[in-house]
Amino acid sequence: QVQLVESGGGLVQPGGSLRLACEASERIFNINTMDWYRQGPGTERELVASITPGGTTNYAFSVRGRFTISRDDPKNTLYLQMNNLKPEDTAVYYCHVDYTRATKGWTRYKGEYWGQGTQVTVSS
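Scope of this entry: the structure provided in the associated data block. Throughout, a residue's number is its position along its own chain's written sequence, starting from 1. Only residues with pLDDT of at least 70 get local features here, since the model is predicted, and only at 80 or more are side-chain atom pairs given and counted; chain-wide, interface and lining totals rely on the full set of residues. Values shown for side chains rest on all heavy atoms present in the structure; no hydrogens or waters enter the calculation.

## A word on the pairing of strand S8 (residues 77-82)
Put simply, side chains in a regular strand alternate between the two faces of the sheet.
Right, so step 1: Residue exposure (1.4 Å probe, protein chains only): buried if accessible area is under 20% of the type maximum, exposed if over 50%, otherwise partly exposed. Elements are defined by DSSP. Helices are runs of H or I of four residues or more, strands are runs of E of two residues or more, and each kind is numbered from the N terminus. Buried residues dominate S8, accounting for five of its six residues.
Right, so step 2: Summarising the sheet, strand S3 (residues 18-24) and S8 pair through six bridges and their orientation is antiparallel. Within the sheet, the bridge partner assigned to Leu 18 lies in S8 and is Met 82.
Right, so step 3: At least two bridges found by DSSP between two strands is the condition for calling them paired. Relative to S8, strand S7 (residues 67-72) runs antiparallel, the two sharing six bridges.

## A short note on the pairing of S3
Right, so step 1: Burial analysis of S3 places five of its seven residues in the buried class, the great majority of the element.
Right, so step 2: Here four bridges tie strand S1 (residues 4-7) to S3, and the two strands are oriented antiparallel to one another. Paired with Leu 4 across the two strands is Ala 24, which belongs to S3.

## Structural notes on the sheet that holds S8
In a beta sheet, neighbouring strands pair by backbone hydrogen bonds and run either parallel or antiparallel.
Right, so step 1: Sheet architecture is open: four strands sit in the order S1-S3-S8-S7, paired in antiparallel fashion. The open sheet is flanked by S1 and S7, the only strands paired with a single partner. Strand-to-strand twist across the sheet, computed as the mean angle between neighbouring axes with direction ignored, equals 15°. For helices, the fitted axis covers only the stretch in contact; all axes are lines through C-alpha atoms, and the angles between them, taken along N-to-C directions, range from 0 to 180 degrees.

## Observations regarding unusual backbone geometry
Right, so step 1: Positive phi, close to 60°, is recorded for Asn 30, a residue that is not glycine.
Right, so step 2: Looking at where Asn 30 falls in the secondary structure, it is placed in the loop between S3 and strand S4 (31-39).
Right, so step 3: In this structure Asn 30 comes out as exposed when scored by relative accessible area, which is 53%.
Right, so step 4: Non-glycine residue Asn 84 carries a positive phi angle of around 50°.

## A few points about the environment of Gly 9
Right, so step 1: With respect to the helices and strands, Gly 9 occurs in the loop between S1 and strand S2 (10-12).
Right, so step 2: For the pair Gly 9 and Arg 19, spaced 10 residues apart in sequence, the C-alpha separation works out to 7.6 Å.
Right, so step 3: The residues contacting Gly 9, other than those within four sequence positions of it, are Leu 20, Thr 118, Gln 119 and Val 120. We call two residues in contact whenever any of their non-hydrogen atoms come within 4.5 Å of each other.

## A few points about the nonpolar core
Right, so step 1: Counting residues in hydrophobic clusters, the biggest one holds 30 residues, and the most contacted among them are Leu 4, Trp 36, Leu 80, Met 82 and Tyr 93.
Right, so step 2: At the level of elements, S3, S4, strand S5 (46-51), S7, S8, strand S9 (91-104) and strand S11 (118-122) are the ones that each hand at least two residues to this core.
Right, so step 3: A per-element tally of this core places S9 first, with five residues.
Right, so step 4: Residues contacting Leu 4, with those up to four places away along its chain left out, are Cys 22, Glu 23, Ala 24, Ile 28, Cys 95, His 96, Val 97, Tyr 113, Trp 114, Gly 115 and Gln 116. By nonpolar core is meant a set of buried Ala, Val, Leu, Ile, Met, Phe, Trp, Tyr and Cys residues that side-chain atoms within 4.5 Å join together.

## Describing the packing of aromatic side chains
Right, so step 1: What counts as a ring pair is set by centres within 6.5 Å for rings of Phe, Tyr and Trp (its six-membered ring), and what kind of pair is set by the plane angle: stacked under 30 degrees, edge-to-face over 60, tilted for all other angles. Tallying each qualifying case throughout the model produces three aromatic pairs.
Right, so step 2: Ring plane angle 55° and centroid distance 5.1 Å describe the contact between Tyr 37 and Trp 114, whose orientation is recorded as tilted. On the criterion of sequence distance, the pair formed by Tyr 37 in strand S4 and Trp 114 in strand S10 (residues 107-114) is long-range, its members being 77 residues apart.
Right, so step 3: Relative to Trp 114, the ring of Tyr 94 has its centre 6.5 Å away and its plane inclined at 85°; by these criteria the two rings are edge-to-face. Residue Tyr 94 is located in strand S9, and its partner Trp 114 is located in strand S10; the two are separated by 20 residues in the primary sequence.
Right, so step 4: The class for Tyr 94 is buried, based on a relative accessible area of 15%.
Right, so step 5: These aromatic residues form a ring-pair network of at least three members: Tyr 37, Tyr 94 and Trp 114.
Right, so step 6: A ring is scored as having a charge over it whenever the NZ atom of a lysine or the CZ atom of an arginine sits within 6 Å of its centre and within 35 degrees of its normal. Sitting over the ring of Trp 114, Arg 45 keeps its end group 4.8 Å from the ring centre.

In structure tokens:
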């Protein structure tokens with residue numbers, strides 16, 4: 001099965017930057033969206049950013065203007081560039097891929113993959 005391997009997390013001071021990477025073990029076909037989620041201590045998981053194969057992006061309001069999601073298709077890799085980091089950005093960040101497993105008539109059966117999560121800590 002496909003595995004998503006994340007890297008790039010760590011400890012950074014407020015105002016600093018980090019770039020997260022998520023590499024898939026193999027090419028994933030029929031992708032709907034590629035996403036980054038995060039979950040802070042005692043909070044529910046939230047969608048941070050998403051990108052479609054066509055390049056359409058969406059961002060949570062809290063990160064808009066600071067984070068940039070991108071992809072490198074030949075490397076099967078998804079990125080999240082995080083600038084001007086704030087303490088409230090502290091969370092475990094998860095890579096996620098939503099894809100179409102099969103199509104029967106007008107019905108699309110979705111599948112998904114999740115990364116293992118990488119810790120981002122923003123603190124002085």
